[in-house]
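Residues per chain are reported as follows:
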Amino acid sequence: MSRYFNSYDTLIFDIPGVLFTSKGAQTTNVDAHMFRQIIGTQSWYNLEMAKISDNEAYALIAKQFSLCEDDIRDAVQKAIDSLVHRSEMFDLIADLKPGRKIYAMANMPSSIWEVVKRKSGALWDMFDGIFISGTVGGRKPDFAFYQHVLHETGAIPEHTLLVDDSRDNIVTGRCLGFKCILYDTFANVHQALHNLCGDPISRASEFLVSNAKRHHSFASASQIIHENVCQLLILEATNDPSLVDYPHYPAECNFFTGRSEFTTTEFPDDLDTTSIYWTVIPDVASHETKMKVMDRMLTCCNVDGIPLTYFDHNRQRRDHVICTNVLSLFYAHDRGEELSKATSFIHSILRTGAYSGGATYYEGSEVFF
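Residues numbered from 1 in each chain as written. Predicted model: local features only at pLDDT ≥ 70, side-chain atom pairs only at ≥ 80, totals over all residues. Heavy atoms only, no water.

Enumeration according to the criterion identifies 1 cavity of 30 Å³ or more in this entry. One number sums up the size of the largest cavity: a volume of about 30 Å³. Residue composition of the lining of the largest cavity, by class: 3 nonpolar, 2 polar and 2 charged. (1 Å grid on protein atoms, 1.4 Å probe; cavity = no way out; pocket = protein on both sides within 12 Å on 5 of 7 lines; lining within 4 Å. Points joined across faces, edges and corners; volume = space filled by probe spheres on them. Nonpolar A, V, L, I, M, F, W, Y, C, P; charged D, E, K, R; others polar.)

Here it is as structure tokens:
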């Protein structure tokens, strides 16, 4: 079981912009640009925090923008009418609910919240608490609102996920130690929540089984590369031959499962794939065959006694990860002393950290961790 599974026992969702969306602008005497300005005024913020009443807020805003109060009321009402809950978000929350506390937290006047609450009825029953700025008397992104929620819920920030569509609100959450997800699209949020809340081991296992024998590598342009190494690494990690697909070789092995791709038409067999192949599947070749091929590997070393990549003296390619894989094969067959210089080379790679820059064919350094 992954140590990340169930690490987040508290989930907090914004309401407008995350749980709700607008079904489309309705015609009013206040255009969309001005409406955005109105809800960004201090008067509106004071309304959201219940510092002033609806009537007071509308009067102040009307004066500030030289508008009619009734036009502002109409624009606000139609904005509320246009709100529809995202059923997919509520379904996702219901899926994540078992074993977790679920809360909503929103900047919203109490009068508007009462309307929004009725829109989704019983769907709110799955929430363990709902915090509205108009009730709390504070609003996001101010720290006091978040601290109030933490105090009331007893949530531990490091075990709390916050989903919000405002970058400012996300920043405050992160400052307090929350794990935050910025809502951009449902697909991205769905994936992020499942990655953080789901069991990655079981999800990975399901993926491996559902894509059995189709676990291919891809070039940067998304073209499939039909090669053996990823098949062998999956087999080594899972010990499940049903997941992978690879050819059988009478002796030396090739990186490609069939014809070569993105390189020369004639591509030589290599020491790396052969070493991995015989290390992962020890009984795939006879002992006699292995000894003969390993003898040939000894002829494919450079002047420093380090095994090169190919069974081709015209391709002098050194790679310390490949050298390590060859050494693994030799030591597994009690022949490691025949590559003592290569062993010393790998010792120096490890001692100095020279592996951190990657190698010719293995660009990352993670293979040494």
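The contact between helix α14 (residues 287-298) and helix α15 (residues 320-332) brings their axes to 12 Å, and the two run at 135 degrees. With respect to α15, the axis of α14 lies oblique. Viewed along their axes, α14 and α15 form a crossing whose handedness is left-handed. Two secondary-structure elements touch here, α14 through Met-294, Met-297 and Leu-298 and α15 through Val-326, Leu-329 and Phe-330. Here the residues of the contact of α14 with α15 are counted per class, giving 6 nonpolar, no polar and no charged. (Axes fitted to C-alpha atoms, helices over the stretch in contact; angles between N-to-C directions. Helix = DSSP H or I, 4+ residues; strand = E, 2+ residues; numbered from the N terminus. Parallel < 35°, antiparallel > 145°, perpendicular 65-115°, else oblique. Left-handed = near helix turned anticlockwise from the far one by under 90°. Contact = heavy atoms within 4.5 Å.)

The domain architecture assigned to the chain consists of domain 1 (10-197) and domain 2 (200-368). Between the C-alpha centres of domain 1 and domain 2 there is a distance of 53 Å. (Domains from an automatic or database assignment.)

So, about the sheet that holds strand β7 (residues 179-182). The strand order β5-β4-β1-β6-β7 describes an open sheet built from 5 strands, whose pairing is parallel. Both outer strands of the open sheet, β5 (129-132) and β7, are each paired with one neighbouring strand and no more. Neighbour to neighbour, the strand axes of the sheet diverge by 20 degrees on average, direction disregarded. As judged from the 4 bridges shared by strand β1 (residues 10-13) and strand β6 (residues 160-164), these two strands associate in the parallel manner. What sits directly across from Thr-10, in β6, is Thr-160. Along the sheet face, helix α10 (residues 186-197) touches β1, β6 and β7 and points at about 160 degrees away from the line of β7. (Pairing = 2+ DSSP bridges.)

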